[in-house]
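Below are the chains, spelled out letter by letter.
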Amino acid sequence: MFIATEDTPPSFKGYTLIMPAVSVGNVGQLAADLIISTLNMPRVGHFHTDCLIPMVGNNPYATSSEDAAELSTNAEVYALNDIKLAVLQIRAPIIQTRVRSFRKLIVAWIKTSGFSRTVVLSSSHAYQRDDRQLLGTSLRYLLTPALQKEAEESVKELDWRELERVSAFPGIAESEQRLYIPGGGITKGLYTDCCSENIAMAVLLTFCSEGDNVPDAFALVSYLNDWHRLVEKQTGGSAQWRVPPSWSLLFGSGIPPAIF
Amino acid sequence: MATFFGEILSVYSRAVEEDDQDDIEEENEEDAQIRREVEEKREVHVHWSVEVLQSNPSQETLHCSDLVIAVGANATGFLSAYVLNSGSWSQVGWVSLWNERSRGTSRPTRAPLPEEPGCVIYRQDQCPSVMICQSTCYIAEDQLFQWTEKVFACLQKRGLSVTVLSDSTVAEYKAPNYVYGSGSPFLRALKTSAHKDKIPCPLLEQPNIVAGLPAAVLSHCQIQRIPAVLYQCYSDVIYPDSVTMETYKPALSSLSKLVKLDPSPSAEILQKLTKISDAQSNLYT
């Protein structure tokens, strides 16, 4: 359930929503962090639900000591009015038995808020790619029928590759072709829900493996930026993203001096 | 990110196998029935003592000005030794729940015994609006949200202020400099936006995070705009010990008018609270 920080809840009519899927390598979540941090988006509310594991911390995007003491929770919404953009950041895994209700909750919120389109940032296990997927770029997209007409042109211009359907039984010629996103968490379920609910949604994903997934996050956010132009590109051809302070110490604390 | 440091991860991988979720889609009547029964079994119940129920026949929410929640052996031990022992407090309620790791507490008719793990609520005799909740049992991830919803549903929101004391290990504390040994145990705080009072210790620095019951309580208070503060104590001792318990002292300084701290609890009481470690650590003695 969305709970606004201010007394007057914001209107998301006509906004674009960007949200991560909690998936392999947390790539979507890292990419969402980059967008919020770079665009300096203010928080407009919390997404309070029993479907996510509770978690709290101080402001992950603090720029000074004054704004550091701001409690942040497991799911929060950030928005910028002038570019009509909202980002839902999810910071904890979904409780396994509530995956379905979480998807329902998201779909219902997208519908009632009146977002014009939704972009899901996701990832999939690199080791489960098939032969066609091994060659070339590791970035893929999916569009729901409601967005197909509107976005088809720009996607063609960008020369993007749609996520390939894979056969349910490899090696058998006439086997059924199905959508398969291993390690994508709720990505597939959310996509199929949005298809049947006639919601305009795009899924952008990358194939990756667990490890240091910061480069994957940069790749995915640049992929999104090619389409949505969130950040202006520098002369070198790439945009300048600001890494949030919460990304520090990703691999643990300082080294004990006694080991040397 | 495979960081393994401080990330909230309850399973081997955060990416559930696709096929597992397909199974849920094709749920039949029997599966749904089993699922419902499991949910029912895992439900959290709040029980109040006869005195509370008699003084409140219309089942209204209880007036509570200050609620102190202690999570973990050191935090609850601190309250037992320094607070509950000195003033006159009476047990007014308890929370019962069942999960894989706390099977014993599911006896809705009886409160947990002093040495048993469980969640017990106390109230001050002179000032009944001051309450303490001690939680020593394991609460599963899917029960945390429900726990806070149910406990807070019994209390009046107006004028309520919450203090949470919670244990943690230094190994979970991230800092650019090596912190082991010298500084611990130490306190770090997190507060909701509605909390305006001064805090007697530094705030929890990024990228540190808190999970579990303290996180559920703080999230609830943030949403409901209830002033709440969490004091997380980082200790390098794995068993309850008196030095770590003493670290919590400044956390109750803002409540000093209402909650009297015993300046020096007797060694006997402290020994009783820390004796748990004796039985397990005698392997090499």
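Scroll up a little and you will see the structure.
First, a word on what this report is: a plain description of the structure on this page.

Conventions and cut-offs
Residues numbered from 1 in each chain as written. Chains lettered and ligands numbered in written order. Predicted model: local features only at pLDDT ≥ 70, side-chain atom pairs only at ≥ 80, totals over all residues. Heavy atoms only, no water. Helix = DSSP H or I, 4+ residues; strand = E, 2+ residues; numbered from the N terminus. Buried < 20%, exposed > 50% of the residue type's maximum accessible area, 1.4 Å probe, protein only. Contact = heavy atoms within 4.5 Å. Areas by Shrake-Rupley, 256 points an atom, 1.4 Å probe, with all protein chains shown as cover. Phe/Tyr/Trp six-rings, centres within 6.5 Å; stacked < 30°, edge-to-face > 60°. Axes fitted to C-alpha atoms, helices over the stretch in contact; angles between N-to-C directions. Parallel < 35°, antiparallel > 145°, perpendicular 65-115°, else oblique. Left-handed = near helix turned anticlockwise from the far one by under 90°. Buried area = accessible area lost by both parts, 1.4 Å probe. Salt bridge = Lys/Arg side-chain N within 4 Å of Asp/Glu carboxyl O. Polar contact = N/O pair within 3.5 Å; in protein donor to acceptor, adjacent residues only side chain to side chain. Pairing = 2+ DSSP bridges. Core = buried A, V, L, I, M, F, W, Y, C linked by side-chain atoms within 4.5 Å. Patch = residues over 30% accessible without salt bridge, like charges linked within 9 Å, V, L, I, M, F, W, Y side chains within 5 Å.

On a plain count of helices and strands, chain B comes out with 9 helices and 9 strands. Residue burial in chain B is summarised as follows: out of 285 residues, 49% are buried. Contacts spanning at least 24 positions in sequence make up 77% of the contacts within chain B whose residues lie at least 6 apart. As displayed, chain B has an accessible area near 14400 Å², and 53% of this comes from carbon and sulfur atoms.

A word on the packing of aromatic side chains. A full pass over the atoms with the stated rule returns 17 aromatic pairs over all chains. Seen in terms of ring centroids, F47(A) and W109(A) are 5.2 Å apart; in terms of plane orientation they differ by 70°. Their pairing is edge-to-face. A residue pair is termed long-range when its members are at least 10 positions apart, and F47(A) in strand β3 (residues 43-47) and W109(A) in helix α2 (residues 99-113) qualify at 62 residues. As far as burial versus exposure is concerned, F47(A) and W109(A) are alike and both buried. Measuring from centroid to centroid gives 5.5 Å for F186(B) and Y234(B), while their planes differ by 25°, and the two rings are stacked.

Packed helices, taken two at a time, are described by the angle between their axes plus the distance between the axes. Residue and element names in this part refer to chain A. Two elements in contact, α2 and helix α5 (residues 187-196), have axes whose closest approach is 10 Å; the angle formed by their N-to-C orientations is 45°. Of the possible angle classes, the one that applies to α2 and α5 is oblique. Judged by the twist between their axes, the crossing of α2 over α5 is right-handed. From α2, R103, I106 and V107 reach across to α5, where they touch G189, L190, D193 and C194.

On to the interface of chain A and chain B, then. Opposite the 61 residues of chain A that make contact, chain B presents 54 residues. Between chain A and chain B, a total of about 4700 Å² is buried, with carbon and sulfur atoms accounting for 56% of that surface. On the chain A side of the contact with chain B, P54(A), V56(A) and L71(A) bury the most area, a combined 13% of that side's loss. On the surface where chain A and chain B come into contact, there are 1 salt bridge. Between D7(A) and R225(B) there is a salt bridge, with the nearest N and O atoms lying 2.8 Å from each other. For the pair chain A and chain B, the interface holds 10 residue pairs in polar contact (both at pLDDT 80 or more). Elements supplying a minimum of two residues to the side of chain A that touches chain B: β1 (2-4), β3, β4 (55-58) and α2 of chain A.

Time to look at the sheet that holds strand β1 (residues 45-48) of chain B. Residue and element names in this part refer to chain B. Spatial strand order, β1-β3-β4-β5-β2-β6-β9-β7: 8 strands in an open sheet with mixed pairing. The two strands at the open ends of the sheet, each matched to only one other strand, are β1 and β7 (186-191). Within the sheet, the average angular offset between the axes of one strand and its neighbour, ignoring direction, is 20°. Two elements, β7 and strand β9 (residues 228-235), share 6 bridges in a ladder whose sense is antiparallel. Residue pairing across strands places R188 opposite Q232, the latter belonging to β9.

A few words now on the sheet that holds strand β7 (residues 85-90) of chain A. Residues and elements named next belong to chain A. Spatial strand order, β1-β3-β6-β7-β2-β8-β12-β9: 8 strands in an open sheet with mixed pairing. With one partner strand each, in any of the chains shown, β1 and β9 (139-143) form the two edges of the open sheet. Ignoring strand direction, the axes of neighbouring strands in this sheet form an average angle of 25°. The pairing of strand β2 (residues 16-20) with β7 spans 3 bridges and is parallel.

Below, the discussion takes up the nonpolar core. Residue and element names in this part refer to chain B. Grouped together as the largest cluster of nonpolar side chains are 46 residues, with contacts concentrated most on I69, W147, F152, V162 and V217. The leading source of residues in this core is helix α6 (residues 213-224), at 6 residues. Apart from residues lying up to four places away in sequence, I69 is in contact with C133, F152, V162, T163, V164, L165 and V217.

Turning our eyes to something else, we now look at the pairing of strand β12 (residues 201-208) of chain A. Residue and element names in this part refer to chain A. A large share of β12 lies buried, amounting to 8 of its 8 residues. With 8 bridges joining them, strand β8 (residues 117-125) and β12 adopt parallel strand pairing. Within the sheet, the bridge partner assigned to T118 lies in β12 and is M201. As paired elements, β9 and β12 share 5 bridges and run antiparallel to each other. By the bridge assignment, Y141 is partnered in β12 with L204.

A separate point is a nonpolar patch on the surface. The grouping of I255(A), I259(A) and F260(A) at the surface amounts to a nonpolar patch, some 410 Å² of accessible area in total. Its place among the elements puts I255(A) in the segment after α6 (214-228).

Residues and elements named next belong to chain B. Considering the arrangement of structural elements, one finds T148 in helix α5 (residues 141-153). For T148, a relative accessible area of 2% corresponds to the buried category. Looking at T148, its side chain comes within polar contact range of the main-chain oxygen of F145, at 2.8 Å. Leaving out residues up to four positions away in the same chain, T148 has contacts with A216, V217 and H220.

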